[in-house]
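Here is how the chains run, residue by residue.
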Amino acid sequence: MAPNIFQTNFSEVYSYLSQFTRWRPYQHRVLANVDGQLVPIPINLDTVNRLCGMSLTAFQLEAFFASVAESKDAVLTSEDVVVSKVGRDLYNKLFRGYARKQWGLDPSELDSSFTARVPTRTNRDDRYFTNRYQAMPFCGYTRMFEQMPSHPYIKLMLNTDYREVANPVPWGHLVPSGPIDAFCDYRYGKLPYRSLRFEHVTLPQASFQAVGAVNYPNDDAYTRITEFKHLTGQPHSQTWLVYAYPTDAGDPRYPVPRAKNQALYKKYLAEADALEHVTFVGRLATYRYYNMDQVLAQALAAFEKIQAWHASDAGKGVANGAALVVAA
Ligand code: UDP
């Protein structure tokens, strides 16, 4: 299980999910383990002062970044984005090793699209996210996900390949959310998706680390240790951790941000666009490094579009039929 922290600025997504769960307010904090120190990530004033042994003020930090930033004619890769903002030393300490483990590639081989996920701050805000809504489902995701399909019109079929049901079920609209390359029988070759292997550890002690997650941008094989107590607020004499080990094997989790992968995805997208009454939704089906809230926003938008089509001249008179939603 991966630690998924719910956070969003989309009030419609928050209110949509609020039909299915109550919330436990939770602000995620992450520390990075660097040179024997634990420093806040995203980079903020304390990160720089501690790693560089300085005592800058927020005002001086801008000037410091300007003095260490490498100027680039064109910012193309994720390495370019980081070194042109915070310089090579902080890049090496906090980003390079982490990304090499996470993606199996050097940041100079990854495009810049995803680096906005980890901003740079000049203040002392040490929250991982700054979005307006940040909370965990009060009784956990399992209870929330049980509530979501609990509706007389919704039938769940687990462990079923969509090919087994696509013909017998009289669907009016198909919504694939698994990997798009698999849906298209890998016609143009496999799209790379990166995965994680999780190692769960229970320790006979009440607490292990100060915050929900500690990142390891160093030589350890894992990238992150999450201590779930911080996320759930559960008091207990033991504690439960998960170590995340990036890998190519296992369930697809991350589209890999590279121009050549986007070009391959575009071929699949052209096929997808040519299909009638089929809407691809989600991280794997639209090959985008989306957070949970972005996927929900995408799904709600897809629903509105399908509904609008049924209300339109073209769609009037066409029976709604079933919407067949197929997951990975
Ligand atoms: N990243 C990094 N160092 C960190 C945290 C993140 O280099 O301490 C980079 C890394 O390439 C990572 C990306 O930023 O894959 C996105 O991080 P995020 O925490 O959003 O990853 P996720 O939770 O989606 O695995």
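Reading the values: the criteria
- Residues numbered from 1 in each chain as written.
- Predicted model: local features only at pLDDT ≥ 70, side-chain atom pairs only at ≥ 80, totals over all residues.
- Heavy atoms only, no water.
- Helix = DSSP H or I, 4+ residues; strand = E, 2+ residues; numbered from the N terminus.
- Rg over C-alpha atoms; globule rule 2.2 N^0.38 Å.
- Buried < 20%, exposed > 50% of the residue type's maximum accessible area, 1.4 Å probe, protein only.
- Contact = heavy atoms within 4.5 Å.
- Lys, Arg positive; Asp, Glu negative; His and termini not counted.
- Charge placed at Lys NZ, Arg CZ, Asp CG, Glu CD.
- Near = heavy atom within 4 Å.
- Polar contact = N/O pair within 3.5 Å; in protein donor to acceptor, adjacent residues only side chain to side chain.
- Areas by Shrake-Rupley, 256 points an atom, 1.4 Å probe, with all protein chains shown as cover.
- Nonpolar A, V, L, I, M, F, W, Y, C, P; charged D, E, K, R; others polar.
- Axes fitted to C-alpha atoms, helices over the stretch in contact; angles between N-to-C directions.
- Parallel < 35°, antiparallel > 145°, perpendicular 65-115°, else oblique.
- Pairing = 2+ DSSP bridges.
- Arc of directions from axis to C-beta.
- Left-handed = near helix turned anticlockwise from the far one by under 90°.

Engineer: Can you help me understand the overall build of the protein in this one?
Structural biologist: Helices and strands together make up the secondary structure of the protein, namely ten helices and twelve strands. Taking 2.2 N^0.38 as the reference for a compact globule, 328 residues should give roughly 20 Å; the C-alpha atoms of the protein span a radius of gyration of 22 Å, in line with that estimate. Counting only residues that meet the buried cut, the protein has 43% of its 328 residues in that class. Put simply, of all contacts in the protein between residues at least 6 apart along the chain, 69% involve residues at least 24 apart. Of the side-chain charges in the protein, 34 are positive and 31 negative, and the distance between the mean point of each set is 3 Å.

Engineer: Whenever I open this one, the site of the ligand confuses me. Can you help?
Structural biologist: Taken together, 15 residues form the shell around the ligand, and within it Arg117, Tyr128, Arg224, Tyr254 and Tyr289 come nearest. Contact between the ligand and Phe95: an oxygen atom at 3.3 Å from a main-chain N or O atom of the residue. Tyr128 is positioned with one of its side-chain polar atoms (N or O) 2.5 Å from an oxygen atom of the ligand. Bound to the protein, the ligand loses 92% of the 520 Å² it would expose on its own. Broken down by element, the residue count for the shell around the ligand peaks at six residues, all from helix H4 (residues 78–103). Residues of the shell around the ligand, tallied by class, amount to eleven nonpolar, two polar and two charged.

Engineer: Would you explain the packing of helix H2 (residues 45–52) against H4 in this entry?
Structural biologist: Two numbers describe a pair of packed helices, the interaxial angle and the distance between the axes. Look at H2 against H4: their axes get within 12 Å of each other, and the N-to-C directions meet at 105 degrees. The angle between H2 and H4 places the two elements in the roughly perpendicular class. Of the residues in H4, those touching H2 at Thr47, Val48, Leu51 and Cys52 are Leu90, Lys93 and Leu94. When the residues that make up the contact of H2 with H4 are grouped by side-chain class, the tally is five nonpolar, one polar and one charged.

Engineer: So what exactly am I meant to see when it comes to the sheet that holds strand S1 (residues 6–8) here?
Structural biologist: A sheet is described by the order of its strands in space; here three strands give the open sequence S1-S5-S2, paired in antiparallel fashion. Only two strands of the sheet have a single partner each, and these edge strands are S1 and strand S2 (23–25). Strand-to-strand twist in this sheet, taken as the mean axis angle between neighbours without regard to direction, amounts to 40 degrees. Pairing analysis gives three bridges linking S1 to strand S5 (residues 133–137), with the strands arranged antiparallel. Looking at the pairing, Gln7 lines up with Gln134 of S5.

Engineer: Got a minute to help me understand helix H3 (residues 58–68) in this structure?
Structural biologist: It helps to recall that an α-helix has 3.6 residues per turn; residues three or four apart then point in one direction. Where H3 is concerned, the buried positions are Leu61, Phe64 and Phe65. End-on view of H3: buried residues confined to an arc of 100 degrees, all on one side of the axis. Structural note: H3 exposes Phe59, Ala63, Ala66 and Ser67 on the side pointing more than 90 degrees away from its buried face. Contacts made by the buried residues of H3 are with H2 and H4.

Engineer: What should I look at first to understand the packing of H2 against H3 in this one?
Structural biologist: Running from amino to carboxyl end, H2 crosses H3 at an angle of 65 degrees, the nearest separation of the two axes being 10 Å. The orientation of H2 with respect to H3, classified from their angle, is roughly perpendicular. Between H2 and H3 the crossing geometry is left-handed. Residues Leu45, Val48 and Cys52 of H2 lie in contact with H3, whose contacting residues are Ala58, Leu61, Phe64 and Phe65.

By themselves, these figures tell us nothing about what the structure is for.
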